[in-house]
Amino acid sequence: MRLRSGVFAASCLLVEALGVALFLRGFFPVPVRSLPRREARGDPPAEPAPPGPGMVSNWTKIPPPLFKKVVIVLIDALRDDFVFGSKGKQFMPYTTQVVERGTSYSFIAEAKPPTVTMPRIKALMTGSIPGFIDVIVNLNSPALLDDNLIRQAKTAGKRIIFYGDDTWVKLFPKHFVEYDGTTSFFVSDFTEVDDNVTRHLDRVLKREDWDLLILHYLGLDHIGHMTGPNSPLVGPKLREMDNVLKKIHISLLSKEEASLPNLLVVCGDHGMSETGSHGGSSEGEVHTPLLFISSAFEKRSGPLTQPKLVQQTDLASTLAVGLGLPISRNSVGNLILPVVGGKTMREQLRFVHLNGFQLSRLLQENTPAYEKDPGYEHFKIAEKSHGNWIKLYLEGNNSEILLNLGKKVLKQYLEALKILSSSLSKQVAQYDMYSMMVGTVIIMEVLLLLLLSFPKALSSRAEFEVPLSPPLFSLLFYLMCLMLCAVHVIVCTSAESLCYFCSMSWLTAVGVMMLISALMCGILSAIAKIFENSRLPLKNPVVSSSRWSEINVLILAGTIGHVLSLGASSFIEEEHQTWYFLINTLCLALCQELCRNNFLLKEYDPQHGTTVKQNFDSIGEASECKNIDIPAGGNSKLGKASSSAEFIQRSDKWISLASPWIILICCRLLRSLNQTGVQWAHRPDFGHWLTSSEHKSELSFLAAVSLLMIFFLVQRRCSLVSKIAMALGLLGVYSYRAAIGNVVFPWQHDTKDISKGITEARFVYVFILGIVFTGTKDLLKSQVISADSSVKSTGLWEVYSGLVLLAALLFRPHNLPVLVFCLLIQTMMTKYIWRPLKFDAAQITIMHYWFGQAFFYFQGNSNGIATVDVSAGFVGLESYVEIPAIFLTAFATYAGPLLWAIHLLCYLSSEVNSMCCLKTFFLEPIK
C-alpha cells in the first residue's frame, strides 16, 4: 500500500495530536478532592472520647467565632519585601509600626505555582492547591464548585461584601450581598482600578450590616506588569495602600465591642519577579506577606524577628476557625496557631483536632493505604493523648501536669498536621504516569517515522510504502498487540492504579494498542528497507555520497538531542541554552561549508559538481520532460548566464565568508540583552540597565536607531505606498513609547505628561492594517485572477512587513534590537548563505525553526509563564477586550518564531519565483 506525502503527513499529524492529548491528560495531575458526603455540612466530629467507662465529652459542636467582623485586604502582587523590607519602612510607615510594635502577627505566606490570580484566590479560600490547568481558565474564570470559605460563610448566614477584581464575582456568583467588580486584565490602569475600591470604604466602614469585607486592589500588579518592581511608581502605590490600611484599622478599633474583637487580614495573592511578571516559582513570585491585626492579640515587644514561613493554604483553615465555620473539605492547610494562641488549652486542642480530623478524612478518601501514612499514625497517637487529657480535665485536675500534658498533645497535633498536609500536597504532583507513557510512545514513534522518511518529507511527488502484506509484518504486529494488551490488563487491574487510560473502554484501549503496534512495525520496516538499500550497488556514487553532508548530520543529531533533552526538567527550565548551542554550532558548520564551497571545490569537482550548473541541468531536464527543444540562441544564453553566475564577486565572496561570524556576534549580543530561564534569570543584564530611569536617554537613542534599521531592512521589497506607511508607522511606534514615558524626544525635557498612548498606538495600527491588506490583496490576486508567482511573493513580503511593524509596536523599547538582529540575520542568511550553498527546502526549514526558537528566548521569554508580557495585550486599548488582548499578547510572546516561519514562506516563494523567471528567460525564443 502506497500513501502520497500529503496523506502521510496528515496521518502523522492526527496521530501526533492523539499522543499529545493523551500525554497532557496524564500530565495535569488530578486534584485532591473530598468525596461528596450526605451528612450535614455543619456536623463536626466530637472531642476524642476519654478512656474508661461512662466518661463522654460534652463538646460536639463547632466552636463559636473568635472575631465579630473580618476585613480581608488582598493587594495583588504584594511581595514580602514590599512590607518587611526597606520599601515597607519608607512607603508603609503605619503598617510597619503595627508589625513591629502593634497587636499583630506577621508571616511570610508561600504560594505554590502557578502564581497567577485565579488559582491563588482558590488556594486562599479553599485551602487546596490548584493545578497548572487553572492558568488556562484564569482568563475566563468559571464558578468555583469546590467547598470553600465563602460558601461556608454564606451558608452560616454571614453577610459578605466585596470590592475589587471581578474574578471573585465569577468564582463566587450570588454569594455577596453587595459587590463592585473591576476588570483585572487592563494593566495600563494604575489608579482608577484602585479608586473604584477605595471610594466605597467610608460608607461601608460606618455600616453594621456586614460580617466579612473583602477588598482586592490591582494597581500594584499593573505597575509591575508595565514598569517592574523597581519602578518609581511602586512607592506612591505602597503609600496609598498604607493609608487604606490605616483607615480600615482605625475604623475597626473604634467600633469594637466588649464581646468580640475585629480582625484585619492583609495578604497578597502572589508576588512579582524582577521583571514585574508572575506565574513562576522564583522567590519574589511565591513569597507574600500575611498579616493578622486585631486587638485580641498581645502587643508585640522585644527585638523584631524574621516572620515565620507558612503556606498560603493555611489561611482558609485559620479564617474558618476565626469565623466559627467548618474547615473546607478539600483544604490541605494547617491552622496558624498564634492566631488562636490566646484561647484556653481546651479550645486550642479542639481547634487543632478539627483541623487534623478534616485532613485525615481527606487522606482516607484519596489514598488507598492511608493507615500506613506517617501523618495518619501521628494523628491517631495525638488523638489518643487528647482523650487522656480530656479525662484529666473532666475530673477537675488543674495541676501543672494537666498544662504540660496539654502542651505535649498540642505539639503532637501540630506535628501530625504538618505531615498530613505534606502528604496531601504531594498528591497534587502525582501524575498519571501510565497515560503519559502511552502518549510519549505514540509521539516518539511518529517522530522516528518522520525522521526515517526525512529525505522525502517535503517532496510533493513522494510516496511512502506501508508494509501490510509481508508475513513478518503481520506476525510482529499480532505479537506486539498481545503483549501490549497484557501489559494494559496488568496495569489497570493493579490495586493502586487510578489512571485515565484505564478508565477508557476496552475497545478504545485495544485500538490504541493496535496503533502503537502498527507504528512500531512501520518503523522496523523502514529501517530494514534502509539497510537493504545500503547493500545494493550504487548507480550514482556522486549523489549517494553527498546525500548526508555535515549539515544534514548536524540537523538530525540536533533535532534528536533536543527531543531527548526534554526528558529532564532542568533542561526544560534552561531550554534556551540548548537552542543557543545549536545555532552556534550551525553557524560554525555553515562557515566550514562556505570555506569548502569558495576555496576547496573546483569548477567541475567530480564529487560535488557546480551548484549553478546543477540548477541549469535541472532546467534542461524539465524542458526535456516537456519535449521542448531549446534552440541555439537559448544554449548561448545558458552558457553566458552559467559562466557569469558560477563565480561570486570578490566582495560578496568575503562577505559570505564573514556572515557566520557576524551572526555569531549578533547572537552573543542578544544573549546579554535578556537573562532568561531559572538559574540565572535574577542576574543583571543589559536590558535591566537600559530600562532603569537613569539611562532613558541611552534607551531612546537605541530605540531610534533600531527603528531606522528596521525600516532599511524591510523596505527593500515593499511597494512605494508600503514604504511610506512603514516609515510613518515606525515614527508612530516611537511616538507611542514617548507618550507612555519609555523614551523621550530630543526636545522633550520633562516626562510629566505621561498618557496611555491610545491615539499614537491606533495611529500605528492603521498603517499595520493597510500594509497587511495590501499584501493580502496581492495574495488573492495571485490565486484568483492570475497565477503570477512574483505577485504572490510580493504579497507575502507585504504581509511579513506589516507583522514586523506590529512586533515593533508591541516590543518594549529595549527589545527592539532583537527585531533588528532578526531581520539582519535573515537578510544575511538569504543572500550570502542559503542561495550560494543551494540548500534544499528541508534544510532551510529546519534552520528557520532553530533560529525561530532561539529568538523566542532572545526576547527574554522562558518556559515559565512569568516571562509573558501581559502589557503588550493592551497597547492601544482603552478597556479590556478579550479577543484582541489575547491575540496581541500571544503575538508579542511568539513574535520570534512567527516572523521566522513567515520569512520561510517568503523565501520559498521567492525561490520558486526565481526558478520561474529563469525558465521564462531560457524558453523565451521557443515558439
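Please read all numbers here as calculations on a predicted model, not as lab measurements. (Residues numbered from 1 in each chain as written. Predicted model: local features only at pLDDT ≥ 70, side-chain atom pairs only at ≥ 80, totals over all residues. Heavy atoms only, no water.)

A.B. asks: So what exactly am I meant to see when it comes to the overall build of the protein chain here?
C.D. replies: Regarding its fold elements, the protein chain presents 37 helices and ten strands. Relative to its full complement of 927 residues, the protein chain shows a buried share of 50%. Considering only contacts in the protein chain between residues 6 or more positions apart, those separated by 24 or more positions represent 77%. As presented, the protein chain carries roughly 44,200 Å² of accessible surface, and 63% of it is formed by carbon and sulfur atoms. (Helix = DSSP H or I, 4+ residues; strand = E, 2+ residues; numbered from the N terminus. Buried < 20%, exposed > 50% of the residue type's maximum accessible area, 1.4 Å probe, protein only. Contact = heavy atoms within 4.5 Å. Areas by Shrake-Rupley, 256 points an atom, 1.4 Å probe, with all protein chains shown as cover.)

A.B. asks: Please clarify how the packing of helix α16 (residues 374-394) against helix α17 (residues 400-427) should be interpreted in this entry.
C.D. replies: When two helices pack together, you describe them by how their axes are tilted relative to each other and by the distance separating the axes. Orientation of α16 relative to α17, taken along the N-to-C sense of each, is 160°, at an axis distance of 8 Å. With respect to α17, the element α16 is oriented roughly antiparallel. Relative to α17, α16 is oriented so that their crossing is left-handed. For the contact of α16 with α17, the residue count by class is 15 nonpolar, six polar and two charged. (Axes fitted to C-alpha atoms, helices over the stretch in contact; angles between N-to-C directions. Parallel < 35°, antiparallel > 145°, perpendicular 65-115°, else oblique. Left-handed = near helix turned anticlockwise from the far one by under 90°. Nonpolar A, V, L, I, M, F, W, Y, C, P; charged D, E, K, R; others polar.)

A.B. asks: Would you explain the sheet that holds strand β7 (residues 263-267) in this entry?
C.D. replies: Pairing between the strands of a sheet is mediated by backbone hydrogen bonds and can be parallel or antiparallel. One open sheet holds the eight strands; their spatial order is β5-β4-β6-β2-β7-β8-β3-β9, and the pairing between them is mixed. Edge strands, defined here as strands with exactly one partner in the open sheet, are β5 (178-182) and β9 (308-311). The sheet shows a mean angle of 20° between the axes of neighbouring strands, direction not considered. Strand direction decides the pairing type here: strand β3 (residues 104-110) and β9, joined by four bridges, are parallel. Counted as the bridge partner of Glu110 is Gln311 from β9. With respect to the sheet, helix α12 (residues 234-254) is in contact with β2 (70-75), β6 (212-217), β7 and β8 (287-293), its orientation differing from that of β7 by roughly 165°. (Pairing = 2+ DSSP bridges.)

A.B. asks: Can you walk me through the state of the cysteines in this structure?
C.D. replies: Covalent bonding between the sulfur atoms of two cysteines defines a disulfide. Taken as a whole and judged by the stated rule, the model has one disulfide. Here Cys492 pairs with Cys502 through a disulfide, and the sulfurs are 2.1 Å apart. A torsion of -85° about the S-S bond marks the disulfide between Cys492 and Cys502 as left-handed. Of this pair, Cys492 sits in helix α19 (residues 471-492) while Cys502 sits in helix α20 (residues 500-503), placing them ten residues apart in sequence. Judged by relative accessible area, which is 21%, Cys502 ranks as partly exposed. Between Cys595, a free cysteine, and Cys591, which holds the nearest cysteine sulfur, the sulfur-to-sulfur gap is 4.4 Å. (Disulfide = S-S within 2.5 Å.)

A.B. asks: Explanation requested: helix α30 (residues 696-714) in the structure shown.
C.D. replies: Given 3.6 residues per helical turn, the α-helix brings residues three or four places apart onto the same face. Between its terminal C-alpha atoms α30 stretches 27 Å, which fits the 27 Å expected from 19 residues at 1.5 Å a residue. Inspection of α30 places Leu699, Ser700, Ala703, Ser706, Leu707, Ile710, Phe711, Leu713 and Val714 among the buried residues, and these make up the whole buried set. One side of α30 holds all its buried residues, which, seen down the axis, span an arc of 170°. Exposed and oriented more than 90 degrees from the buried face of α30 are Phe701, Leu708 and Phe712. (Expected span 1.5 Å × (residues − 1). Arc of directions from axis to C-beta.)

A.B. asks: What exactly am I supposed to notice about helix α23 (residues 550-565) here?
C.D. replies: Here α23 contains 16 residues, and its C-alpha end-to-end distance of 22 Å stays within 8% of the 22 Å for a straight helix at 1.5 Å per residue. Every buried residue of α23 is listed here: Ile551, Asn552, Leu554, Ile555, Gly558, His562 and Ser565. Against the buried residues of α23 lie α24 (569-573), α25 (575-600) and α35 (841-858).

A.B. asks: Looking at this model, I keep getting lost on unusual backbone geometry. Mind explaining?
C.D. replies: Leaving glycine out, the prevailing phi sign among residues is negative, and the prevailing peptide bond configuration is trans. Each neighbour pair has its own omega, and for Pro113 with Pro114 the value is 10°, a cis peptide bond. Here Pro114 is to be found in the loop between β3 and α5 (117-126). Positioned with a positive phi, Ala77 is a non-glycine residue whose angle comes to about 65°. Topologically, Ala77 is positioned in the loop between β2 and α2 (81-84). For Ala77, a relative accessible area of 0% puts it in the buried group. With a phi angle near 65°, Lys174 is a residue other than glycine that sits in the positive phi range. Within the secondary structure, Lys174 is located in the loop between α8 (167-171) and β5.

A.B. asks: Just to check I follow, could you spell out the pattern of salt bridges for this structure?
C.D. replies: In a structure, side chains of opposite charge can pair up when their charged atoms sit close to one another. Taken as a whole and judged by the stated rule, the model has 16 salt bridges. Across the pair Glu178 and Arg207 runs a salt bridge, and its minimum N-O distance is 3.1 Å. Of this pair, Glu178 sits in strand β5 while Arg207 sits in the loop between α10 (201-205) and β6, and the two are 29 residues apart along the sequence. Several salt bridges converge on common partners, so that one network encompasses Glu178, Arg203, Arg207 and Asp209. (Salt bridge = Lys/Arg side-chain N within 4 Å of Asp/Glu carboxyl O.)

A.B. asks: Explain the packing of aromatic side chains here, please?
C.D. replies: Each aromatic ring pair is specified by the distance between its two centres and by the angle formed by the two planes. Evaluation of the coordinates by the stated rule reveals 25 aromatic pairs. The structure contains a cluster of three or more aromatic residues connected by ring pairs, namely Tyr580, Phe851, Phe855, Phe858 and Trp900. Taking NZ or CZ as reference, Lys69 lies 4.3 Å from the ring centre of Trp210, over its face. (Phe/Tyr/Trp six-rings, centres within 6.5 Å; stacked < 30°, edge-to-face > 60°. Lys NZ or Arg CZ within 6 Å of the ring centre and 35° of its normal.)

A.B. asks: So what exactly am I meant to see when it comes to the nonpolar core here?
C.D. replies: It is characteristic of soluble globular proteins that their nonpolar side chains tend to be buried jointly. Membership of the largest hydrophobic core comes to 92 residues, with the highest contact counts inside it found for Ile710 and Phe851. Dropping the residues within four chain positions of it, Ile710 is found in contact with Leu730, Val804, Ala808, Leu819, Val820 and Leu823. Met125, Leu315, Leu349 and Leu362 belong to the second largest nonpolar core, which has 66 residues in total. (Core = buried A, V, L, I, M, F, W, Y, C linked by side-chain atoms within 4.5 Å.)

A.B. asks: What is the right way to read the confidence of the model for the protein chain from this model?
C.D. replies: Regions with low pLDDT carry predicted coordinates that are not meant to be interpreted in detail. Across the protein chain, the average pLDDT comes to 82, with 82% of residues at or above 70. Under a pLDDT of 50 for its full length, residues 38-42 has, in the predicted model, nine contacts with residues more than four places off or in other chains. In the predicted structure, residues 540-546 sits below a pLDDT of 50 and forms four contacts with residues beyond four places in sequence or in another chain. (pLDDT = per-residue confidence, 0-100.)

A.B. asks: How should the side chain of His488 be read in this particular structure?
C.D. replies: With respect to the element layout, His488 can be found in helix α19. Assessed through its relative accessible area of 3%, His488 is described here as buried. Residues within four places of His488 in sequence aside, it is in contact with Tyr434, Phe501, Cys502, Trp506, Ala509 and Met513.

A.B. asks: Is there a simple way to think about the environment of Leu323 in this case?
C.D. replies: Checked against the element boundaries, Leu323 lands in helix α14 (residues 314-323). With 60 residues separating them in the primary sequence, Leu323 and Leu263 have C-alpha atoms 10.0 Å apart. Here Leu323 is in contact with Pro65, Val70 and Lys158, once residues within four sequence places are set aside.

A.B. asks: Got a minute to help me understand a nonpolar patch on the surface in this structure?
C.D. replies: A cluster of nonpolar side chains, namely Val20, Leu24, Phe27, Tyr431, Met433 and Met437, defines an oily patch on the protein surface of about 530 Å² accessible area. Among the secondary structure elements, those contributing two or more residues to the nonpolar patch are α1 (5-27) and α18 (433-452). The leading source of residues in the nonpolar patch is α1, at three residues. The partly exposed category is assigned to Tyr431, whose relative accessible area is 37%. (Patch = residues over 30% accessible without salt bridge, like charges linked within 9 Å, V, L, I, M, F, W, Y side chains within 5 Å.)

A.B. asks: Which parts of the structure should I look at to understand the side chain of His848?
C.D. replies: Note that His848 resides in helix α35. Not counting residues up to four positions away in its chain, the partners in contact with His848 are Trp834, Trp900, His903 and Leu904.

A.B. asks: How do you make sense of the packing of α30 against helix α31 (residues 720-739) when you look at a structure like this?
C.D. replies: Packing of α30 against α31 brings their axes to within 10 Å, and their N-to-C directions diverge by 165°. Between α30 and α31, the crossing angle belongs to the class labelled roughly antiparallel. When the axes of α30 and α31 are compared, the crossing they make is right-handed. Each of Ser700, Ala703, Ala704, Leu707, Ile710, Phe711 and Val714 in α30 lies in contact with α31, whose residues at this interface are Lys723, Met726, Ala727, Leu730, Val733 and Tyr734. Looking at the contact of α30 with α31, its residues break down into eleven nonpolar, one polar and one charged.

A.B. asks: Just checking my understanding: could you explain the environment of Glu377 for this structure?
C.D. replies: With respect to the helices and strands, the residue Glu377 is situated in helix α16. A relative accessible area of 40% places Glu377 in the partly exposed class. Glu377 sits 42 residues away from Ile419 along the chain, and the two C-alpha atoms are 9.9 Å apart.

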